[in-house]
Amino acid sequence: KDVVAERPEDFIVHDPDLVPMLQSYRDAGVKVFLLTNSYWEYTAVAMNYLFHGEKVPKEVFASNLWLDLFDLVIVGSCKPAFLVDPYLNLFRVNPQDGGLRNTDGVFEIESFGPNGAE
């Protein structure tokens, strides 16, 4: 994955229709989420490349504009255990530095709203 981070254009196929498609879902009121087993560092590289269509400077990369395409982003999800193990821990990621913070459960995740994942 380190090689992909250095040269995403050699490993990731950029689809210019991806961002407009995701934005059209959001504009139509559809809830959009990203669930991946990849950790934050790799997900940020891949999604920044897919969003911008090129490897971007650090300051643009750090802004993570692609996050606005999603209501919820879950990285390091441990699929399929994520779907069936009620004891898996959730951590909140700081998008600026990749730092992790423990959570007390789904009600802490603002994207879900005040009633959790109802």
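This one's a predicted model, so the numbers in the text were calculated from it and none came from an experiment.

*Asks:* Before we go on, may I ask you to explain the pattern of salt bridges in this structure?
*Replies:* Opposite charge on two side chains lets them pair, provided their charged atoms get close. Taken as a whole and judged by the stated rule, the model has three salt bridges. A salt bridge links Asp10 to Arg7, with the shortest nitrogen-to-oxygen separation between them at 2.6 Å. Given a relative accessible area of 36%, Arg7 falls into the partly exposed group. Of the charged contacts in the structure, one is a salt bridge between Lys31 and Asp71, with a shortest N-O distance of 4.0 Å. Linking Lys31 in the loop between helix 2 (18-27) and strand 1 (33-35) with Asp71 in the loop between helix 4 (58-63) and strand 2 (72-74), this pair joins segments that are 40 residues apart in sequence. According to the relative accessible area criterion, Lys31 is exposed, its value standing at 62%. Take Asp71: its relative accessible area is 19%, and that puts it in the buried class. Each of the salt bridges in this network shares a partner with another, and the network as a whole consists of Arg26, Lys31 and Asp71.

So, how was this worked out
- Residues numbered from 1 in each chain as written.
- Predicted model: local features only at pLDDT ≥ 70, side-chain atom pairs only at ≥ 80, totals over all residues.
- Heavy atoms only, no water.
- Salt bridge = Lys/Arg side-chain N within 4 Å of Asp/Glu carboxyl O.
- Buried < 20%, exposed > 50% of the residue type's maximum accessible area, 1.4 Å probe, protein only.
- Helix = DSSP H or I, 4+ residues; strand = E, 2+ residues; numbered from the N terminus.

Nothing here speaks to function; it is all geometry.
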